[in-house]
Amino acid sequence: MAITISVLDQSPIYPGETPEEAFRHTVKLAQLSERLGFRRFWVSEHHDSEQVAGSSPEVLISHLLAKTETIRIGSGGVMLQHYSPYKVAENFNVLAALAPGRVDLGVGRAPGGLPRSTQALQQGGGEASTLTDKIIQLEQYVHNRLEAGHPLSGLKAGPLPGTPPQLYVLGASVASAEIAAGLGLPYVFSLFIGGDQAVALEAVQAYRRSFDASSGKEPQVIIALSVIVTDTEEEARELAGTQKLIRIQFAGGKKLTVVNREQAEEFTRQSDEPFTLEEQEPEITKGTKESVRAQLLELAAASGVEEFIVTTNIQPFAKRARSFELLSEALAEVPAEASL
């Protein structure tokens, strides 16, 4: 089977740009992804950030559906711990009714912002639930199958579209893979966040090994990764060289990865908990068409994964768009004997 490419865009606001420009670039990238024949285009959720514009994926998805015609559009992802599963189901059922068969609902459990934004998002949220419980509720609402004994039995998350949104569980650990497997749902491992290919392969194996097939569904796993494709290896290294990840290790055991030291320091200041910081090189698949193609084929062979969701965080926008064009060309040139 050949490699399939999808796109994750975080609507970055680069120095000197406005949020309006960031969103215009996201629209152009979605349209380019459609022209290139990519399978899906997802947008992220980030809060209280001056570097990322996408704080409301469901609103942005609605706009992108109207600006495209065939490509699947979705969230990568909705940070479900902040929200009512019922309201998330309503939002995405509306989207699925507006664009039948084109809507993906990726959900995750990262905070998506600083502690103060988490506090604001969860203000008045009522009783706390685990992520697993919320995903179960969300799937029940999306597919209109609350159990007869449920306290809210009979409640519908209207409208009820003919084709419900496709639900995906996002994560960057073996634990998140096991949650998705236990629920019999598709899983996306975020390698560009986790930054450890060995953990990614372990998570993929754990997902397939423990997948609950009682519903008749087949396991579906995707790997999300950062990719930069340029005309020369040197340019790819230069573009990737400006990117760093900061791993925050809190005294209580919680871990978090952010994209720069300033954000890490602000996060720890707001959390008021002892911590340590570790700078890491991000996991980026980079190089010319030939070298990136080889790297993707190698990862596909090692993992058995046929679909990659690609994010490319470089500037100016013209280089970002060109990277996706080159990626499309690279995989179009894969010889039959190199297919999985």
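Further up the page is the structure itself.
A brief report on the enclosed structure follows. Because the structure is predicted, anything quoted here is derived from the model rather than measured. (Residues numbered from 1 in each chain as written. Predicted model: local features only at pLDDT ≥ 70, side-chain atom pairs only at ≥ 80, totals over all residues. Heavy atoms only, no water.)

1. Things to note about the nonpolar core
Part 1 of the argument: Of all hydrophobic cores here, the largest spans 70 residues; its most connected members are F41, L105, I135, L138, Y187, L225 and F308.
Part 2 of the argument: Sort the elements by how many residues they give to this core and helix α12 (residues 317–332) lands first, with six residues.
Part 3 of the argument: Ignoring any residue separated from it by four or fewer positions in sequence, one finds L225 in contact with L191, F192, T285, L296, L299, F308, I309, V310 and T311.
Part 4 of the argument: L170, V188, F192 and A224 belong to the second largest nonpolar core, which has nine residues in total. (Core = buried A, V, L, I, M, F, W, Y, C linked by side-chain atoms within 4.5 Å. Buried < 20%, exposed > 50% of the residue type's maximum accessible area, 1.4 Å probe, protein only. Helix = DSSP H or I, 4+ residues; strand = E, 2+ residues; numbered from the N terminus. Contact = heavy atoms within 4.5 Å.)

2. Things to note about the pairing of strand β5 (residues 166–171)
Part 1 of the argument: Burial analysis of β5 places five of its six residues in the buried class, which makes it a mostly covered element.
Part 2 of the argument: Sheet topology places strand β4 (residues 103–108) next to β5; four bridges connect them, and they run parallel. What sits directly across from L105, in β5, is L167.
Part 3 of the argument: Pairing of β5 with strand β6 (residues 187–190) involves three bridges; the strand directions are parallel. By the bridge assignment for β6, L170 is matched with V188. (Pairing = 2+ DSSP bridges.)

3. Observations concerning the pattern of salt bridges
Part 1 of the argument: Summed over the entire model, instances satisfying the criterion amount to 12 salt bridges.
Part 2 of the argument: A salt bridge links R40 to E307, with the nearest nitrogen and oxygen atoms 2.7 Å apart. One end of the pair, R40, is in strand β2 (residues 40–43); the other, E307, is in strand β12 (residues 307–311), and 267 residues separate them in sequence.
Part 3 of the argument: Across the pair E139 and R145 runs a salt bridge whose closest N-O atoms are separated by 3.2 Å.
Part 4 of the argument: For E139, a relative accessible area of 13% puts it in the buried group.
Part 5 of the argument: Bridged by salt links that share partners, the residues R39, R40, R72, D104 and E307 form one connected network. (Salt bridge = Lys/Arg side-chain N within 4 Å of Asp/Glu carboxyl O.)

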